[in-house]
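In case you want the letters, here they are:
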Amino acid sequence: MPKDSDKPGGGEDRTDSSEQSHSKRVWSGTPSPHRGNTPQSSPPRFVSAEELMETAKGVTNMALAHEIVVNTDFQVKPSEPAEGSLEKRVKDIMHKAFWDVLEAQLSENPPSYNHAIKLLAEIKETLLSFLLPGHGRLRGRIEEVLDLSLIQQQAENGALDISKVVEFVIGMMGSLCAPSRDEEIRKLREITDLVPLLKAVFPVMDKMKLDMANFAVSSIRPHLLQQSVEYERKKFQEFVEKQPNALDFTEKWLQDSAKSVLHEDQAGGAGGLPTPLAVHNHAYLCLLKWNHASDPFPETLLMDQVRFQEMQQDLEQLVLVASVLLIVYNTTGEAISGLPGLMDRLKRTIGVLLTEMHMPSFSADEALATIGERMCVELSGRLSEHGFSPFTTNRQSILKGQISAVTLPDNAIRRLIGSRIQTYLLAFLESSHRSAPTLPGGLAPVSKELEEIAMKFGRLVHFNKLVYSPFYQKILQEIVQEGESSDT
């Protein structure tokens, strides 16, 4: 049987390709495309092809380790060629040819077992790969029953009972598989024809390999954290030494944050300069409102740019959902406040209509107009069911108008909800994850989704701080000293 790549690293991990291209650009020492207008403090150091290849290899390993550490949902996934692709067609043809030959050999009189023994060799190798160091008895049993030289002799002498051997294989798979595979093992036992049975064994084994790989990933994550922190910091230090202006965009990010915090403090009547920690935490919040199309992302965060962008999009949708629900409940009054299940139903409806809000073809005006119509239908029906006063045409028009107005940049409700979400996320960072901060008013309908984003955001920020704290401390100290100098 043609052997597919079965190594965990051969599967598709969840690292976005664009994210990897960003990281390779930075860590290899290649200038950012945005750097054309940035004055360089000294000429870039040119590296050899060998150095570049070695750096790229290090980036790949580091990106994978980084993904495992920061992404708690990371899983190794099977790599399958695209349906209809040349690779897929070639693979299917080769597999069909192999199984056709196997079936023909087993149908001979006497049967020929050349292909079958090759399959048993592959099965034996896979079963042994599932074993842990303490599985000495199982290892011995596999070596004994799947003794390939003995099986070859039995085949040559017409004494091989291959059905018994395959029955042993399925029993061993049942002993070693995760409980979630028990049903698939049971189905294997129901197959009586040898060739279909052998064909069915391999997909189940491939799933068991993925189970083992993902178990290994979850096991090493805690041990990988500290090593990954030290490794990423070391590689970035090497990069900074090769390219002196490597932190230009990181410095600008933190400087802009300091100016913004100072402006907010002054507007609020607070005196004194902001602390480095306040500037730093505020800087991460700025990443959730980033203009990814035009503003260069901080160099230290390029590997996570896609993650921050996804969180930004999720938050933008949450702002709209919470804004619409706040309008609905404020407009309709107490009549619907206690109706069971209504809030969740309305939230699901709004969420479905906003699913594609970040697609180029999405029209916010049309979507919110549709949402307004759907809200009026839902509310009219519910109010009627529970004997409340009808939802009049005038009240419906007011509700639709307020919902449509949410698209306006200066809409007060949208700005209020957005500000409260920012306040919650900042409080989450400042709490150091010891306990969840108090949820601001108006956010209860999206509390679960908001908390999930906050947890993801907090983990990402915490890891980034661990890795790059020496670089950030130096920049933040310089910013604070400049602020003190300008005051005196």
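Figured I'd write up the structure that's included with this text.

Reading guide: rules and limits
- Residues numbered from 1 in each chain as written.
- Predicted model: local features only at pLDDT ≥ 70, side-chain atom pairs only at ≥ 80, totals over all residues.
- Heavy atoms only, no water.
- Helix = DSSP H or I, 4+ residues; strand = E, 2+ residues; numbered from the N terminus.
- Buried < 20%, exposed > 50% of the residue type's maximum accessible area, 1.4 Å probe, protein only.
- Contact = heavy atoms within 4.5 Å.
- Areas by Shrake-Rupley, 256 points an atom, 1.4 Å probe, with all protein chains shown as cover.
- Core = buried A, V, L, I, M, F, W, Y, C linked by side-chain atoms within 4.5 Å.
- Axes fitted to C-alpha atoms, helices over the stretch in contact; angles between N-to-C directions.
- Parallel < 35°, antiparallel > 145°, perpendicular 65-115°, else oblique.
- Left-handed = near helix turned anticlockwise from the far one by under 90°.

**Quick notes on the overall build of the chain**
A count of helices and strands for the chain gives 17 helices and zero strands. A burial count over the chain gives 41% of its 488 residues as buried. Nonlocal contacts in the chain, meaning residues at least 24 apart in sequence, comprise 73% of its contacts between residues at least 6 apart. When the accessible area of the chain is evaluated, it comes to approximately 26500 Å², of which 53% is carbon and sulfur surface.

**Things to note about the nonpolar core**
Counting residues in hydrophobic clusters, the biggest one holds 82 residues, and the most contacted among them are Val328 and Phe457. Those residues in contact with Phe457 that sit more than four places away from it in its chain are Tyr284, Leu285, Leu288, Phe308, Met311, Leu425 and Leu429. With 41 residues, the next largest nonpolar core counts Trp99, Ile142, Leu176 and Cys177 among its residues.

**Here's the deal with the packing of helix H12 (residues 305-332) against helix H15 (residues 393-404)**
The geometry of H12 relative to H15 is characterised by a closest axis approach of 10 Å and an angle of 155 degrees between their N-to-C directions. Looking at the two axes, H12 sits roughly antiparallel to H15. Note that H12 runs across H15; the crossing there is right-handed. Facing H12, whose interface residues are Val324, Ile327, Val328, Thr331 and Thr332, H15 presents Arg395, Leu399, Gln402 and Ile403.

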